[in-house]
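# Structural characterization, general
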Amino acid sequence: MNLFRSEEHASEWLGGRAPGETVPVVTLAELAAAWFGDRLAPDWSPHTREENQAILDRAGLTDAFWRLPG
Amino acid sequence: MRQDDVELRNRTYGLFVQLGRAPTAAETAVAIGANADDVRAGWQRLHEAHALVVDPVTGEIRMAFPFSAVPTAYRVEAGGRWWYANCAWDAFGVCAALATDGRIESSCPDCGESISVGIRDARPEDDSLCFHCLVPAASWWDDIVFT
């Protein structure tokens, strides 16, 4: 899970490998805020798979690549 | 997840932030009034529950998401300290977890040029960058260090 200067740089880096998914850094920031925002809460409890999937969905990451294992 | 493991996890995270690095099993044991073997056993259960990652050789913390216990390509200045994050996602996660602005320092894996991006109010100050995820979500935990 890497940060690139641009989508073109990510493509160059991949070469012939299967591409994975590229998303804008603004989306990543939104995703990280929702995913990690409660990580240090004194009453933290583990997210369920459904809660994590909903975070991905809200960030617009809805295709099969982003489906968590059941 | 057992309630005592949740409490161990929360104390471990608290110590990580307090120390600015991963606590050892011995340090955690002293902090919670347990013994180090019990701490390692609890961490192993938390590892199996994907709540953190234990080094398979030492039994110590390797990852307490978003924080890394070992140096990585993603350094984050936040809350008056420098942290290592496990990946780009976690780098943003450090600021989110600490609920503070910050700065991520890394380099483009393609060209090697440095990347320095400020985070203000949970948003990147440079929105030209992009994030790439190589491994599908269904396989993240097949090899979490590689992911």
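Above this note sits the structure.
As a starting point, this report considers the structure included with it. (Residues numbered from 1 in each chain as written. Chains lettered and ligands numbered in written order. Predicted model: local features only at pLDDT ≥ 70, side-chain atom pairs only at ≥ 80, totals over all residues. Heavy atoms only, no water.)

### Here we look at helix α1 (residues 3-19) of chain B
Residue and element names in this part refer to chain B. Over its 17 residues, α1 runs 24 Å from end to end, which matches the ideal 24 Å to within 8%, given 1.5 Å per residue. Taken together, the buried residues of α1 touch α2 (25-32), α3 (36-48), β2 (61-64), β3 (67-68) and β5 (81-85). Phi turns positive one or two residues past the end of α1, at G20, with a value near 80°. (Helix = DSSP H or I, 4+ residues; strand = E, 2+ residues; numbered from the N terminus. Expected span 1.5 Å × (residues − 1). Contact = heavy atoms within 4.5 Å.)

### Examining the interface of chain A and chain B
In this complex, chain A contributes 42 residues to the contact, which on the side of chain B involves 45 residues. For the pairing of chain A and chain B, the buried interface totals around 4,100 Å² over both sides, and the portion due to carbon and sulfur atoms is 70%. Of all residues in chain A, M1(A), L3(A) and R5(A) bury the most surface against chain B, accounting for 22% of the area lost on that side. The tally of links between chain A and chain B comes to 1 salt bridge. Ionic pairing is found between R5(A) and E113(B), a salt bridge with its closest N-O pair at 3.3 Å. At the boundary of chain A and chain B, one finds 15 residue pairs in polar contact (both at pLDDT 80 or more). At the level of elements, β1 (2-4), α1 (7-14), β2 (21-24) and α2 (25-36) of chain A are the ones that each hand at least two residues to the side of chain A that touches chain B. Broken down by element, the side of chain A that touches chain B gets its largest block of residues, 10 residues, from α2(A). Class assignment for the residues of the side of chain A that touches chain B results in 28 nonpolar, 6 polar and 8 charged. (Buried area = accessible area lost by both parts, 1.4 Å probe. Salt bridge = Lys/Arg side-chain N within 4 Å of Asp/Glu carboxyl O. Polar contact = N/O pair within 3.5 Å; in protein donor to acceptor, adjacent residues only side chain to side chain. Nonpolar A, V, L, I, M, F, W, Y, C, P; charged D, E, K, R; others polar.)

### Thoughts on α1(A)
Restricting attention to buried positions, one finds in α1(A) the residues H9(A), A10(A) and L14(A). Within α1(A), the buried residues cover an arc of 135° as seen down the axis, which keeps them to one side. Exposed and oriented more than 90 degrees from the buried face of α1(A) are E8(A) and E12(A). Looking at the buried residues of α1(A), the elements they touch are β1 and β2 of chain A together with β9 (130-133) of chain B. Trailing α1(A) by a residue or two, G15(A) shows a phi angle of about 60°, which is positive. (Buried < 20%, exposed > 50% of the residue type's maximum accessible area, 1.4 Å probe, protein only. Arc of directions from axis to C-beta.)

### Concerning the packing of α2(B) against α3(B)
Residue and element names in this part refer to chain B. Contact geometry for α2 and α3: axes closest at 8 Å, N-to-C directions at 105°. Between α2 and α3, the crossing angle belongs to the class labelled roughly perpendicular. Seen from α2, the contacting residues are A25, A26, T28, A29 and I32; seen from α3, they are A36, V39, R40 and W43. Residues that form the contact of α2 with α3 fall into these classes: 7 nonpolar, 1 polar and 1 charged. (Axes fitted to C-alpha atoms, helices over the stretch in contact; angles between N-to-C directions. Parallel < 35°, antiparallel > 145°, perpendicular 65-115°, else oblique.)

### Some points on the nonpolar core
Judged by nonpolar contacts, the single largest core of 64 residues is most densely connected at L3(A), W66(A), W43(B), W89(B), F92(B), F131(B) and W140(B). Looking at which element gives the most residues to this core, the answer is α2(A), with 8 residues. Excluding residues within four positions of it along the chain, W66(A) makes contact with E21(A), V23(A), Q53(A), L56(A), L61(A), F131(B), C133(B), A137(B) and W140(B). (Core = buried A, V, L, I, M, F, W, Y, C linked by side-chain atoms within 4.5 Å.)

### A few points about the sheet that holds β2(A)
Note: strands within a sheet are paired through backbone hydrogen bonds, in either parallel or antiparallel orientation. Spatially, β1(A)-β9(B)-β2(A) is the arrangement adopted by the 3 strands of the open sheet, whose pairing is antiparallel. Every interior strand has two partners, whereas the edge strands, β1 and β2 of chain A, have only one. Taking the axes of each pair of neighbouring strands and ignoring which way they run, one obtains an average angle of 30° across the sheet. Contacts between α1(A) and the sheet are confined to β1 and β2 of chain A together with β9 of chain B, with β9(B) contributing the most and set at about 30° to the helix. Of the strands in this sheet, β1 and β2 of chain A together with β9 of chain B are in contact with α2(A), which crosses β2(A) at around 90°. (Pairing = 2+ DSSP bridges.)

### Let's talk about the pattern of salt bridges
Throughout the structure, instances matching the rule amount to 11 salt bridges over all chains. One salt bridge connects D57(A) with R67(A), and the closest N-O pair in it is separated by 3.0 Å. In this pair, D57(A) is assigned in helix α3 (residues 49-58) and R67(A) in the segment after α3, connecting sequence segments 10 residues apart. Connected through salt bridges with shared partners, the residues R2(B), D4(B), D5(B) and R45(B) form a single ionic network.

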